[in-house]
Amino acid sequence: MYKLSGLFCLVLMAGCAETPQYSEVAVKRGVAVANLVASVETTPVPSSDDAADDPAIWIHPNEASQSLVFGTDKQNGLMVYNLDGEQIQALPEGRLNNVDIRQSVAFEGELYDIAVASSRTHNSLDVFSIDRQTGNVQFVGRQLLDLTEPYGTCLYKQSSGDLYAFVNDTDGRYQQWHLDSLVPLEMSLVRSFVLPSQPEGCAADDLTNQLFVGEENTGLWRFSALPDADDSRSLIDLTGAGVLVADVEGMDIYRVNTELAYLIVSSQGDYSYAVYQAQGDYAYLGSFRIVDNPDSGIDGAEETDGLTLTSQYLGPKFPKGLLVVQDGFNLNPRTAQDFKYINWLDVAEALNLQSVE
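Residues numbered from 1 in each chain as written. Predicted model: local features only at pLDDT ≥ 70, side-chain atom pairs only at ≥ 80, totals over all residues. Heavy atoms only, no water.

**Quick notes on unusual backbone geometry**
Link 1 in the chain: Looking along the chain, the bond that leaves Ala246 and enters Asp247 is cis, with omega of 10°.
Link 2 in the chain: Phi at Tyr282 is positive, roughly 55°, even though this residue is not glycine.
Link 3 in the chain: Taking relative accessible area as the criterion, Tyr282 reaches 14% and is therefore assigned buried. (Buried < 20%, exposed > 50% of the residue type's maximum accessible area, 1.4 Å probe, protein only.)

**Topic: the pairing of strand S21 (residues 248–257)**
Link 1 in the chain: Within S21, nine of the 10 residues are buried, which leaves it mostly tucked inside the rest of the structure.
Link 2 in the chain: Looking at chain direction, S21 and strand S22 (residues 260–267) are connected through seven bridges and run antiparallel. Counted as the bridge partner of Asp252 is Ile264 from S22.
Link 3 in the chain: Here S21 hands over to S22 after two residues, the two strands then running antiparallel side by side. (Helix = DSSP H or I, 4+ residues; strand = E, 2+ residues; numbered from the N terminus. Pairing = 2+ DSSP bridges.)

**A few points about the layout of surface pockets**
Vacant regions in the atomic arrangement are exposed by a probe of water-molecule size rolled over the atoms.
Link 1 in the chain: In this structure, the largest pocket encloses a volume near 830 Å³.
Link 2 in the chain: For the lining of the largest pocket, the secondary structure elements donating two or more residues are strand S5 (52–58), strand S9 (96–107), strand S13 (150–157), strand S17 (199–205), S21 and strand S25 (307–310).
Link 3 in the chain: A class-by-class count of the residues in the lining of the largest pocket yields 16 nonpolar, 10 polar and 12 charged. (1 Å grid on protein atoms, 1.4 Å probe; cavity = no way out; pocket = protein on both sides within 12 Å on 5 of 7 lines; lining within 4 Å. Points joined across faces, edges and corners; volume = space filled by probe spheres on them. Nonpolar A, V, L, I, M, F, W, Y, C, P; charged D, E, K, R; others polar.)

**Quick notes on the confidence of the model for the chain**
Link 1 in the chain: Here the chain shows a mean pLDDT of 93. Residues at 70 or above account for 94%.
Link 2 in the chain: For the stretch residues 1–18, pLDDT sits under 50, and the model shows 45 contacts to residues farther than four places along the chain or on other chains. (pLDDT = per-residue confidence, 0-100. Contact = heavy atoms within 4.5 Å.)

**Quick notes on the sheet that holds S9**
Adjacent strands of a sheet pair through backbone hydrogen bonds, lying either parallel or antiparallel.
Link 1 in the chain: Taken together, the four strands give an open sheet; going across it, the order is S9-S10-S11-S12, and neighbouring strands pair in antiparallel fashion. Only two strands of the sheet have a single neighbouring strand rather than two, namely S9 and strand S12 (137–144). Adjacent strand axes in the sheet meet at a mean angle of 25°, parallel and antiparallel pairs treated alike.
Link 2 in the chain: Across seven bridges, the pairing between strand S10 (residues 110–119) and strand S11 (residues 124–130) is antiparallel. Looking at S11, one finds that Ser119 is bridged to Ser124. (Axes fitted to C-alpha atoms, helices over the stretch in contact; angles between N-to-C directions.)

**Here we look at the pattern of salt bridges**
Link 1 in the chain: Inspection of every chain in the model, using the stated rule, returns 19 salt bridges.
Link 2 in the chain: Between Asp100 and Arg102 there is a salt bridge, with the nearest N and O atoms lying 3.6 Å from each other.
Link 3 in the chain: Between Arg142 and Asp126 there is a salt bridge, with its nearest N and O atoms 3.1 Å apart. With Arg142 in strand S12 and Asp126 in strand S11, this pair connects stretches of sequence that are 16 residues apart. (Salt bridge = Lys/Arg side-chain N within 4 Å of Asp/Glu carboxyl O.)

**Re the environment of Asp270**
Link 1 in the chain: Inspection of the secondary structure assignment puts Asp270 in the loop between S22 and strand S23 (272–277).
Link 2 in the chain: C-alpha of Asp270 to C-alpha of Thr304: the two residues are 34 residues apart in sequence and 9.7 Å apart in space.
Link 3 in the chain: Among the polar contacts made by the side chain of Asp270, one reaches the side chain of Ser267 at a distance of 2.8 Å. (Polar contact = N/O pair within 3.5 Å; in protein donor to acceptor, adjacent residues only side chain to side chain.)

**A closer look at the nonpolar core**
Link 1 in the chain: Ile264, Phe288, Trp344 and Val347 are the most contacted members of the largest nonpolar core, which totals 24 residues.
Link 2 in the chain: Residue assignment for this core shows that the elements contributing at least two residues are strand S3 (34–37), S21, S22, S23, strand S24 (284–291), S25, strand S26 (322–327) and helix H2 (344–351).
Link 3 in the chain: Tallying contributions element by element places H2 first for this core, with four residues.
Link 4 in the chain: Here Phe288 is in contact with Val33, Ala34, Leu36, Ile264, Ser272, Tyr273, Val275, Leu323, Val347 and Leu351, once residues within four sequence places are set aside. (Core = buried A, V, L, I, M, F, W, Y, C linked by side-chain atoms within 4.5 Å.)

Listed below in structure tokens is the structure:
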């Protein structure tokens, strides 16, 4: 979601807009809303106004503590951060909105780690390769789209090893593209479907072949991610029904084991994050907010667009995984937007969730 004038005022004219206030709702569907804090924040993105949007996590195959966080600056390009939040690379490829990553994708006997981002500058899916030892990112190429305004995107790696990218338009259209070849870049459109209104956030579960989609003003949906599936969908939750407050934005999956996974969704309208079972009955499990951390001086997170999750070990700071969220109001000090890191163990303890063994 674009928040043009208000955040421009907040960032560039410090003090002309009021500090955002957290919702006073303390309980949702009988479950107390937890308050959590971030332990790390990234270097602010280079662009002012509403700029930071969507993150993704790359796992180093040998040194977990050397894993990286990718984040989009939708005025400028792709940013790359280490686990201390320091920016280590910037790729000024234009107005990239959402990004996702899949690793160990096979092409002609070689394994590749791949990031894909939606580009408003080129009306395309932009594809990047990630060096599997150094983490260095290189632009590979772009697949042009016939969409009006590419918005959200997420990746899906089928059990066969095939990689697919979902991308949506602001008018509700979704497309599913297959990555046929990396060098040279070749992609083919395999499926299209439509939501009645604007979507953005999506997340695919590679294990269960489910695609979770946020229709911003309406609610949270579940589709099949399989390329030959139809456009049938199942409702998980509606906005205005006691949990989700529009817009429904970023989402991702924390997998505990083959039988249990959690879906975390940004409820942007009240600065909270809802947790659902990602399989089974898709039940609502609770919500939390990210508030100011007085010990570290790291501020909370508000109006989150994108978020990402991993259940992988990332070293002693994040032993059971990591949640990364975009912060729409970076207030300490007031400056350009950034991304906040939250230890998964804090989420699990607050909401009585399980962690990976």
